[in-house]
Structures are given as structure tokens and as C-alpha cells.
Protein chains: 2
Amino acid sequence: MGKKHTSSYEVAYYDGDFTGAMKIPALLAVVIKVSEEQTELLGRDAAYVAQFGLGWVITNYEIEIHRLPKVGEKVAITTQAMSYNKYFCYRNFWVHDEEGKECVFVKSTFVLMDQKNRKISSVLPEIIAPFDSEKITKIYRHEKIEKVTEGNFLPYRVRFFDIDGNQHVNNAIYFNWLLDVLGYDFLTTHQPKKILVKFDKEVEYGQEVESHYEIVEQENQLKTRHEIRIDGQTYCEANIDWTN
Amino acid sequence: MGKKHTSSYEVAYYDGDFTGAMKIPALLAVVIKVSEEQTELLGRDAAYVAQFGLGWVITNYEIEIHRLPKVGEKVAITTQAMSYNKYFCYRNFWVHDEEGKECVFVKSTFVLMDQKNRKISSVLPEIIAPFDSEKITKIYRHEKIEKVTEGNFLPYRVRFFDIDGNQHVNNAIYFNWLLDVLGYDFLTTHQPKKILVKFDKEVEYGQEVESHYEIVEQENQLKTRHEIRIDGQTYCEANIDWTN
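Since we're looking at a predicted model, the values are computed, not measured. (Residues numbered from 1 in each chain as written. Chains lettered and ligands numbered in written order. Predicted model: local features only at pLDDT ≥ 70, side-chain atom pairs only at ≥ 80, totals over all residues. Heavy atoms only, no water.)

## What to know about the UniProt feature "domain: Acyl-ACP thioesterase-like C-terminal" (unreviewed entry) in chain A
Part 1: With numbering aligned to this structure, UniProt lists the feature "domain: Acyl-ACP thioesterase-like C-terminal" (unreviewed entry) at residues 146-243 of chain A.
Part 2: Between the C-alpha atoms that bound residues 146-243 of chain A the distance is 19 Å, and the span itself is 15% helix and 48% strand. (UniProt positions renumbered as here; feature names shortened; annotations may be inferred. Helix = DSSP H or I, 4+ residues; strand = E, 2+ residues; numbered from the N terminus.)

In C-alpha cells, the structure reads:
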């Protein structure tokens, strides 16, 4: 099992939504920062990876939310590179509150992408070695994401500030598009408890996405299905389980 | 002169724009957090102010930018309540880099607003006393903001996550609307050096704003004029001076 790295974070007023709960986009942004910190500590930051013409891209998240931290709370964020195979690197994150209780657990899959041809590269030993994660042959099968069968959508233009210092639409922005369509009444009366997300294609500056969604109830579980589309093509898919 | 409070902040990857410079919306969000910290330290946080049925609202910013901090930089943010008169409180902010050089200087005006009738309240001695700021009779005249005479606009829907834990459209979001309209080519080749902003009315969730803008050149100074409008009414005005 790979090395762990923990950082503390105090939830700022601007991280909080209407209800004072930490926004999912803010949560993911902060969580990813902790893995960036670990890559720096181990001498494998974005600049090191870029020497090989590569960059990290996240393909999947499985997020379990026991409760969202509140504005003003101090949380501990821990990350660990778990294992990797030829193409995929598996990394976990935990968010704990001050009493040591787990608030959020995230499984994620990262790939190395060739910055020129935008194709997935095999995992290079030089890049991965210092993390001490386990080499495996198995490919982890993420939980199946159900497609939107019928539903509504809202359009979202990619804005200049949606692009971060890595010249990509920040992963957190997808969650803004995915969730915003559900609207005030839904979002102030429901909490997400499980989020599955798959990133299929990279959205670029200047594009306009459609955030499709559908609200369903399955076996007493309120669920939303999501799809980010451009010109009928799927860029991102998600399923969210909700509690009232 | 009032008490000073300083906090350090490391610019995160998600605070950076395309070029790795700190986004103006992120800069303002972090700067305001430091004044919130001071109100907490002095026992005059939002909950204390809410006892009187009041809340702080920012009406003006004058921002001087020598250079925008970069992702990964550690900056020191200082705030000081300078002075106040019957209705207006004047607060300054400074952002310094690790060598102690000033990167950004901000003058701001705050008012206390009645949470029920949304009218400006006179400044209560109980609320302001611990800051040791100077009582003055003069009303500070902010630099005049030139109106948009003719120009283009883009529409922006207020999104759920634009509302912060204070139940308002976060001030920083206005800067997102104001700047985004200028587009990639402009924003990656120009840096703001001076920003004047006036907030006239509060935008609410569910509204759609028009971000109007006009690019002009005056005495060799490239300048943009901005106006946030809803149904022909002005909600926010700004002028920005740019360097190439």
C-alpha cells in the first residue's frame, strides 16, 4: 500500500453553499490539492511529469459522503496512492472531522495522458515509484453508471476562469454543471450521499456544454442521472444517490 | 487608525487562471476571508452583527494591482479598518509577496444593511468599537466610474454555487461575470492594473444578468468599462485599466 499524506483545511465562507455546507466543487478542488502536495513532497510534481510529455488526468470518482463539512470546520484530508496497473492509477482520499470521524471517502482513477496527441500513456516506473503503491494486473471495475434516458438540460458556457493553472477545465467545474441543473429547491432539501462520475472526454475553453439530468426513484432511493454532452457526444456521466 | 490583522495564504492551483496568475475572483474571496477572520478575533463576526438584524455589504472596491500572485506563491494578506462615518466604513487590504513587496492594494467601503427591509443602517458603536477605526464626518468620494456608452454583452445565469454561506451572490462572482466577457485572447495578453467597482443592487439566485462591456483607449491607457444589468437596471459598474 502506498504512502499516505495528510493536510488540514479550514472550510472558508466561500467554500460554503446556501446552507453553509461545503460545496462539492470546492471539496473536490481541495482534495485534489492534497494529492498535488504529495506529488511535490515526493519530487513528482506536474513539472516532473511534463518532462516526459505527460500530464495526469482523472477518469473516475466514487464519492461516499457521510456528511459535508460546514463553513468554519477544520478537516483533515488524507490521500494515498493505492495501486496501479499498466494504464490506471488508483488513489483514495479521506476527509475526517476534528473528532476523527470520516465525513467523505473518495476513490479515484488517474491516467497519464500524452500532452501532444491526448492519448493515454502507460504508467512510467520513474513517475510512480516514490509513491510505493502496489503494482497489480487487475483492472478495477467502477460501479456502473446508469445513462440519462429522458430528462431536461441546461446549457453552460465554459468560462475563462473555469480553466485552471493546468490549462484544463478544472475537474471541480463539472460538478458545478452537474449539480446546478437540479435547482435551489432540490439542492437545499437533499444531500448527496454517493456520487459516481466518469470523465470521458476533455471539455475545452470556448465550448458550450449541455448538462442533462433525470430524477428517478429506485427501491426507495432517490437518484439523479447526469450527462454532460456537446453535439450529442458524452463528455461526462454521473449518478448521484440522495438523502432527504 | 484601526487594528491590523494579517494572514498568510498559499495560492492553490484552483486559484490560478490559464496563465497561472491568481484569478481576481479568487483574490477577492481570500482577501474578504481575512477581514472575516478579524471580525471573529474581535468578537464581531456575522452572528454578532445579525443580533441587530444587520449584515455587512460591500459597496465599492478600488483595487491597485502591481502584479498578481502566482500559483504556489505564499502571500501575506493584511487588513485594517481605517475610518467610518455615519453610514460608511472604510477598510483597506494589502497583499504582499514573500519578499515583502506589495502586489495588490485594495480600498473598500462597507455598509451595514438591515436584513429585513434591505435598507442601509447607520453604523452601530457596539459593532465598530473593537476595530479602533477613526470616526470621521467626511464621506469618501470614490473615483468616478465611467458608464458603458455602447458595447456588447453576454448573459450569465446566477448558479446555485454562486451563493455563499452568507446567502448572497458572493462578491467574487461579479468579477467572474465582469471579466469573462472579455474572452481568452484579451485576458491572456493583458493584466489588470487598476479596478474600480461599485455595487448598486444585490443580484439574487434565479436571476439572469447581462454583463455589458466596452473597450476604449484614453491617453494611451487601455481601459474597459463594465456594467451588470438586469432588465435595463444597473446592478454593478466597473472600470478597469490594463497593461499589455
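## Things to note about unusual backbone geometry
Part 1: Of note, Asp132 of chain A is a non-glycine position whose phi angle comes to about 55°, a positive value.
Part 2: By secondary structure assignment, the location of Asp132 of chain A is in the loop between helix H3 (125-128) and strand E7 (134-135).

## Things to note about the interface of chain B and chain A
Part 1: Residue-level contacts link 38 residues of chain B with 38 residues of chain A.
Part 2: Between chain B and chain A lies a buried interface of about 3800 Å² when both sides are counted; carbon and sulfur atoms form 59% of it.
Part 3: Counting every contact that joins chain B to chain A gives zero salt bridges.
Part 4: Taken together, chain B and chain A are joined by 10 residue pairs in polar contact (both at pLDDT 80 or more).
Part 5: Contributions of two or more residues to the side of chain B that touches chain A are made by helix H1 (24-41), strand E8 (152-157), helix H4 (171-180) and helix H5 (183-187) of chain B.
Part 6: The element contributing the most residues to the side of chain B that touches chain A is H1 of chain B, with seven residues. (Contact = heavy atoms within 4.5 Å. Buried area = accessible area lost by both parts, 1.4 Å probe. Salt bridge = Lys/Arg side-chain N within 4 Å of Asp/Glu carboxyl O. Polar contact = N/O pair within 3.5 Å; in protein donor to acceptor, adjacent residues only side chain to side chain.)

## Quick word on the packing of aromatic side chains
Part 1: Within the structure shown, the criterion is met by 34 aromatic pairs over all chains.
Part 2: For the pair Phe160 of chain A and Phe161 of chain A, a centre-to-centre distance of 5.4 Å together with 70° between the ring planes defines the contact as edge-to-face.
Part 3: Ring centres of Tyr205 of chain A and Phe18 of chain B lie 6.3 Å apart, and the angle between their planes is 90°; on these two criteria the pair is classed as edge-to-face. Of this pair, Tyr205 of chain A sits in the loop between strand E9 (191-199) and strand E10 (208-218) while Phe18 of chain B sits in the loop between strand E1 (4-10) and H1, placing the two residues on different chains.
Part 4: Through successive ring pairs, a cluster of aromatic residues spans Phe18 and Tyr184 of chain A together with Phe160, Phe161 and Tyr205 of chain B. (Phe/Tyr/Trp six-rings, centres within 6.5 Å; stacked < 30°, edge-to-face > 60°.)

## Topic: the nonpolar core
Part 1: The biggest cluster of nonpolar side chains holds 130 residues, and the ones touching the most others in it are Tyr61, Phe175 and Trp177 of chain A together with Tyr61, Phe175 and Trp177 of chain B.
Part 2: Non-local contacts of Phe175 of chain A, meaning those with residues more than four positions away in its chain, are made with Ile24, Pro25, Leu28, Tyr61, Ile63, Asp180, Ile195, Val197 and Phe199 of chain A together with Phe161 of chain B. (Core = buried A, V, L, I, M, F, W, Y, C linked by side-chain atoms within 4.5 Å. Buried < 20%, exposed > 50% of the residue type's maximum accessible area, 1.4 Å probe, protein only.)

## Re the environment of Asp15 of chain B
Residue and element names in this part refer to chain B.
Part 1: By the secondary structure assignment, Asp15 is in the loop between E1 and H1.
Part 2: Asp15 sits in the buried class, given a relative accessible area of 5%.
Part 3: Separated by 15 residues in the primary sequence, Asp15 and Val30 have C-alpha atoms spaced 9.7 Å apart.
Part 4: Leave out the neighbours within four places in its chain, and Asp15 touches Tyr9, Glu10, Ala21, Met22, Lys23 and Ala26.
Part 5: Among the polar contacts listed, one links the side chain of Asp15 to the side chain of Tyr9, at a separation of 2.6 Å.

## Notes on the pattern of salt bridges
Between side chains of opposite charge, pairing is possible as soon as their charged atoms come close.
Part 1: Within this structure, the stated rule accounts for 28 salt bridges over all chains.
Part 2: The residue Lys3 of chain A makes a salt bridge to Asp132 of chain A at a minimum N-O spacing of 3.7 Å. Of this pair, Lys3 of chain A sits in the segment before strand E1 (4-10) while Asp132 of chain A is found in the loop between H3 and E7, placing the two residues 129 residues apart along the sequence.
Part 3: Put simply, Arg225 of chain B and Glu146 of chain B hold a salt bridge, and the shortest N to O gap is 2.9 Å. Here Glu146 of chain B lies in the loop between strand E7 (134-135) and E8 and Arg225 of chain B lies in strand E11 (residues 221-230), a separation of 79 residues in the sequence.
Part 4: Residue Arg225 of chain B is classed as buried on the basis of its relative accessible area, which comes to 11%.

## Thoughts on the domain arrangement of chain A
Residue and element names in this part refer to chain A.
Part 1: As assigned here, chain A comprises domain 1 (2-133) and domain 2 (150-241).
Part 2: Placing a centre on the C-alpha atoms of domain 1 and another on those of domain 2 gives a separation of 20 Å.
Part 3: Taken together, the contact between domain 1 and domain 2 spans 19 residues of the former and 18 residues of the latter.
Part 4: Summed over both partners, the interface of domain 1 with domain 2 comes to about 1600 Å²; 62% of that surface belongs to carbon and sulfur atoms.
Part 5: Along the contact surface separating domain 1 from domain 2 lie one salt bridge.
Part 6: The shortest N-O distance in the salt bridge between Glu202 and Arg118 comes to 2.7 Å.
Part 7: The tally of links between domain 1 and domain 2 comes to five residue pairs in polar contact (both at pLDDT 80 or more).
Part 8: Elements with a minimum of two residues in the side of domain 1 that touches domain 2: helix H1 (24-41) and strand E2 (54-65).
Part 9: It is E2 that provides the largest number of residues to the side of domain 1 that touches domain 2, a total of nine residues.
Part 10: For the side of domain 1 that touches domain 2, the residue count by class is 12 nonpolar, three polar and four charged. (Domains from an automatic or database assignment. Nonpolar A, V, L, I, M, F, W, Y, C, P; charged D, E, K, R; others polar.)

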